[in-house]
Amino acid sequence: MRDLAAGMGYLAKGQKWVGRHGRWWAFGMIPALITLAGYAVALFLLGGWAGDIAAWATPFADSWSSLWQDLLRTTLAAVVLVGGLLLSVLTFTAVTLLVGQPFYEALCEKVDETEGGAPTPPEVPLWRELVVAARDSLFVLVRAGGFGVLLFAAGFVPVVGQTVVPVLGFLVSGFFLALELTSVGLQRRGVPQRERLRLLRGRLGLALGFGVPLVLGFLVPLVTVIAMPGAVAGATLLARDLVPVEEEPRPSPEDGDEQGGQGEHGERPDATAVPELPEYGARRPVEGNPYAAAPPPAEPRPHRSA
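Residues numbered from 1 in each chain as written. Predicted model: local features only at pLDDT ≥ 70, side-chain atom pairs only at ≥ 80, totals over all residues. Heavy atoms only, no water.

## Some thoughts on the confidence of the model for the chain
On average, residues of the chain carry a pLDDT of 75, and 71% of them reach 70 or more. Considering each helix and strand of the chain separately, the mean pLDDT is smallest for strand E2 (residues 283-285), with a value of 44, and largest for helix H1 (residues 2-20), with 89. Low pLDDT, under 50, characterises residues 252-288; the stretch is placed with 52 contacts to residues that sit more than four places away or in other chains. (pLDDT = per-residue confidence, 0-100. Helix = DSSP H or I, 4+ residues; strand = E, 2+ residues; numbered from the N terminus. Contact = heavy atoms within 4.5 Å.)

Right, here's the structure in full:
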């Protein structure tokens, strides 16, 4: 129960963060608005073509009487339209994250910057980020789809299918939504996709407390547009809890840095006396974070002849 409350707390904190940074809230809504416009056009076209699709799929009904033919094709057209609506609800978040990868990367970086203690991610070309984001989204969708098939089959079981299965459906959707939203923050910390899945399974209550309320809210696309920036900000805060980092102080002038790296008498300090900084620069992961690259080994000291 504590993790469930903590997950909901991160969701609230994310919404509060974008509330304090209104410019970033508007910035984070751009991908959702783009995706919503695209889905609206696609659903409008699907509604216009649903009758033609139904007629194309039922050529055997051409010889039927008009009453039964219209009944069949109208029902099938309605099924096509409802299926399109359901598919749009299920895929809206994943497509929004894919479209908004550069936007949410910048938003996540800003959250880390304001909270402090974030690692500097390696520089990756935009096209590669999009490929990785698409691959990760496919990873989530395949697994979520597998659970969806099982739950759909279980839905035909009397009583259980009408009570337990819908609850399990929201729980599964909430978990995978949390996995999807935390991917940006965890990717910045060098955590691969499979390890993200393991981390959230280990904090299942935290993931469900964060994701399930979002699933319930995201059933309304307009809520998705408004709440998505705060959801990304909250997911970044959650990722910071899963893989925390801490600041490492830079060497002080007394340590020999005052004279361009030379010691008190103009001699270069012993290489073993000054620890090498990891690739994150002035920041290092806290103990127990296995995902950050290890610091490069110190160069061997030159041999001095007597």
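Next comes the rest of the write-up.
## Considering the side chain of Thr35
Turning to its location among the elements, Thr35 is positioned in helix H2 (residues 22-57). In this structure the side chain of Thr35 is engaged in a polar contact, spanning 2.9 Å, whose partner is the backbone oxygen of Pro31. Residues in contact with Thr35, not counting those within four places in the same chain, are Phe92, Val95, Thr96 and Val99. (Polar contact = N/O pair within 3.5 Å; in protein donor to acceptor, adjacent residues only side chain to side chain.)

## Focus on the nonpolar core
Counting 44 residues, the largest nonpolar core has Leu181, Phe210 and Leu214 as its most contacted members. Residue assignment for this core shows that the elements contributing at least two residues are H1, helix H4 (101-115), helix H6 (160-188), helix H7 (193-202), helix H8 (204-218) and helix H9 (221-242). The contacts of Phe210, once residues within four sequence positions are left out, are Gly7, Met8, Tyr10, Leu11, Ala178, Leu181, Ala231, Gly234, Ala235 and Leu238. (Core = buried A, V, L, I, M, F, W, Y, C linked by side-chain atoms within 4.5 Å. Buried < 20%, exposed > 50% of the residue type's maximum accessible area, 1.4 Å probe, protein only.)

## Describing the packing of H6 against H8
For the pair H6 and H8, the least separation of the axes is 7 Å and the interaxial angle reads 100°. Relative to H8, the element H6 is oriented roughly perpendicular. Contacts between H6 and H8 involve Phe170, Leu171, Ser173, Gly174, Phe175, Leu177, Ala178 and Leu181 from the former and Leu204, Ala207, Leu208, Phe210, Gly211, Val212, Leu214, Val215, Leu216 and Phe218 from the latter. Split by residue class, the contact of H6 with H8 holds 15 nonpolar, three polar and no charged. (Axes fitted to C-alpha atoms, helices over the stretch in contact; angles between N-to-C directions. Parallel < 35°, antiparallel > 145°, perpendicular 65-115°, else oblique. Nonpolar A, V, L, I, M, F, W, Y, C, P; charged D, E, K, R; others polar.)

## Points about H2
Spanning 36 residues, H2 covers 49 Å between terminal C-alpha atoms, matching the ideal 52 Å at 1.5 Å per step. Approximately 50° is the largest bend angle found in H2, and it occurs at Trp49. All buried positions along H2 are accounted for by Trp24, Gly28, Met29, Pro31, Ala32, Thr35, Tyr39, Leu46, Ala50 and Ala54. (Expected span 1.5 Å × (residues − 1). Bend = angle between axes of the 7 residues up to and from the residue.)

## Re the environment of Gly209
Within the secondary structure, Gly209 is located in helix H8. A relative accessible area of 3% means that Gly209 is categorised as buried. The spacing of Gly209 and Asp3 is 206 residues in sequence and 7.0 Å in space, taken between C-alpha atoms. Residues contacting Gly209, with those up to four places away along its chain left out, are Leu4, Gly7 and Met8.

## Observations concerning the environment of Leu85
Tracing the backbone through its elements, the reader meets Leu85 in helix H3 (residues 66-99). Judged by its relative accessible area of 41%, Leu85 is partly exposed. Leu85 sits 46 residues away from Tyr39 along the chain, and the two C-alpha atoms are 9.2 Å apart.

## Considering the pattern of salt bridges
In total, this model carries eight salt bridges according to the counting rule given. Between Glu105 and Arg188 there is a salt bridge, and its shortest N-O distance comes to 3.2 Å. Placement of the pair is Glu105 in helix H4 and Arg188 in helix H6, with a sequence separation of 83 residues. Of the two residues, Glu105 and Arg188, neither departs from the other in class, the shared state being buried. Salt-bridge contacts for Asp112 lead to Arg240; the nearest nitrogen and oxygen are separated by 3.0 Å. Of this pair, Asp112 sits in helix H4 while Arg240 sits in helix H9, and the two are 128 residues apart along the sequence. (Salt bridge = Lys/Arg side-chain N within 4 Å of Asp/Glu carboxyl O.)

## What about the packing of aromatic side chains?
For the structure shown, the criterion picks out four aromatic pairs. In textbook terms, an aromatic cluster arises when at least three aromatic residues are bridged by ring pairs, as seen for Trp24, Phe27 and Phe103. The side chain of Lys13 reaches across the aromatic face of Tyr10, ending 5.2 Å from its centre. (Phe/Tyr/Trp six-rings, centres within 6.5 Å; stacked < 30°, edge-to-face > 60°. Lys NZ or Arg CZ within 6 Å of the ring centre and 35° of its normal.)

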